[in-house]
Each structure stands twice: as structure tokens, then as C-alpha cells.
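So you can see what is in the structure, the chains are spelled out below.
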Amino acid sequence: MKKATFTEKQPEYRYFPLADGNADVFIYSYIGESTETTDESETTVYEYNMNEFRVSQNLITEDMVKANPMKYLEYTPINPPTDHERLEAMEQAFMELVSEVI
């Protein structure tokens, strides 16, 4: 979760389905507003606690987010290990097996 500021009010969430079966999800929790003044103008700034993540559309649907957006304010997706990480783990397990035999 992080803090973000916008010049426009935000919805509780945004859910963007992607062609690869994933979705980009943005959750916004309103904190408050303030006014920023420059030499030329005044701008209202809206502050939010915010979370953004990419997740499989099968794991978290838009209906799930719509039903309770704040449930996902601190959500962190579990990323599967990369092929490189899996190969390293298998090599390490193999070396441990070989060292037990010797």
C-alpha cells in the first residue's frame, strides 16, 4: 500500500482485464483533500491510500473486487517462481542427494 495524490476524485477501485488472462487492479481509499497554491492557480488535491497489483482474472474477478474493494487494499499477489528459480532449486536438491550417496 502506498499514498497517492490526484487532481480528480478516484473510484473505490479500477479493474482492467488484460488479453493474457490477467487483470490490473487499482484500489483507492480516500484520506482527504487539500489545496495546492501556485503563483498562477489553486488546485484541489485528493489524497488516497492505494494498492495496485496484477492478478489472474480467474483468481480475483471484478465482481469480487466490486463486492469489497477494501479487502484488497493490502493484497499482495503470490508470484510463482521463475523458471530460473525452479532450476536452481532442482539443482540444489540434486546436489544434496548426490552428497548423501557419496
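Residues numbered from 1 in each chain as written. Predicted model: local features only at pLDDT ≥ 70, side-chain atom pairs only at ≥ 80, totals over all residues. Heavy atoms only, no water.

A. The overall build of the chain, seen in detail. Helix and strand counts for the chain come out as 2 helices and 4 strands. Its helices and strands taken in sequence order, the chain reads β-β-β-β-α-α from the N to the C terminus. Across its three principal axes, the chain shows a C-alpha extent of roughly 75 × 35 × 25 Å. Per-residue burial for the chain yields a buried fraction of 25% across its 102 residues. By element, 51% of the accessible surface of the chain is carried by carbon and sulfur atoms, the whole surface being about 7800 Å². Of the charged side chains in the chain, 8 are positive and 20 negative, and the gap between their average positions amounts to 7 Å. (Helix = DSSP H or I, 4+ residues; strand = E, 2+ residues; numbered from the N terminus. Buried < 20%, exposed > 50% of the residue type's maximum accessible area, 1.4 Å probe, protein only. Areas by Shrake-Rupley, 256 points an atom, 1.4 Å probe, with all protein chains shown as cover. Lys, Arg positive; Asp, Glu negative; His and termini not counted. Charge placed at Lys NZ, Arg CZ, Asp CG, Glu CD.)

B. Broad picture of the pairing of strand S4 (residues 42-56). Sheet analysis places strand S1 (residues 2-6) next to S4, joined by 5 bridges and oriented antiparallel. Counted as the bridge partner of Lys2 is Met50 from S4. From the end of strand S3 (residues 22-37) to the start of S4, which pair antiparallel, there are 4 residues. (Pairing = 2+ DSSP bridges.)

So far we have only geometry, and geometry alone does not tell us how the molecule works.
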